[in-house]
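Results of the structural survey
Given next are the chains, with one letter for each unit.
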Amino acid sequence: MNLTLSGTNSLDASGGSNPGLGVPEGAALNICAYNISDSLTANGGSGGNGGGAGIGGGPGSTGVSCGTVNISGGTVIAQAGYHAAGIGGGQGTGDYRTGGNGGIVKISGGIVKASGKNGGAGIGGGNCSGNNGKEEVAAQ
């Protein structure tokens, strides 16, 4: 999916457990903008079913892994829900499981601010009781 930013945009899943902008494993998201002032803020949820990434995967017994995220312009702010990554994997909710893997994240332009929560990476894997998902991230 191609997402061209224009103006100020926000996605907020804070009332539930989903990612702010879901990009599950096997999917690809391309974010671009013509101006650095064009922005996206994506907030993952921290509901009773676990935490979702700002951009990426949601919660699951092993955490939902992130697909491919390409960012080439604009300002992108991604804030995780409980135990998830800012950009990457969601929270693992099962006993002795792992958080979702970070997927592939390529940044070739713009400003990116990504904040994980409770052990989730800023960009990379989610967390589950101290067991982090793989941080398979490539930044360019």
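Along each chain, residues carry numbers from 1 onward, in the same order as the chain's sequence is written. The predicted nature of this model means local features are confined to residues of pLDDT at least 70 and side-chain atom pairs, given and counted, to a pLDDT of 80 or more, with totals for whole chains, interfaces and linings taken over all residues. To get the side-chain values, all heavy atoms of the structure are used, and hydrogens and water are removed first.

The subject of this paragraph is the overall build of the chain. Numbering goes from the N terminus for both helices and strands, where a helix is a DSSP run of H or I of at least four residues and a strand is a run of E of at least two. Scanning the chain for helices and strands turns up 0 helices and 12 strands. For the chain, the sequential pattern of α-helices and β-strands runs β-β-β-β-β-β-β-β-β-β-β-β. Under the scheme applied here, a residue whose accessible area is under 20% of the maximum for its type counts as buried, over 50% as exposed, and between as partly exposed, the area being computed with a 1.4 Å probe on protein chains only. Expressed as a percentage of its 140 residues, the buried residues of the chain come to 46%. The contact criterion used throughout is that any non-hydrogen atoms of two residues lie within 4.5 Å. Taking all contacts inside the chain whose residues are at least 6 apart in sequence as the whole, residues at least 24 apart take part in 78%. Of the accessible surface of the chain, which amounts to about 6200 Å², a share of 45% is contributed by carbon and sulfur atoms. Accessible areas in this description were obtained via Shrake-Rupley with a 1.4 Å probe; residue shielding takes into account the shown protein chains only.

What follows concerns the sheet that holds strand S8 (residues 55-56). Each pair of strands is called paired provided DSSP finds at least two bridges between the two strands. An order of S3-S8-S10-S12 is seen for the 4 strands of this open sheet, with the pairing classed as parallel. In this open sheet, the two edge strands, each paired with only one partner strand, are strand S3 (21-22) and strand S12 (123-124). Relative to S12, strand S10 (residues 87-88) is paired through 2 bridges, and the arrangement is parallel. Residue Gly88 lies in a different strand from S12, and its bridge partner there is Gly124.

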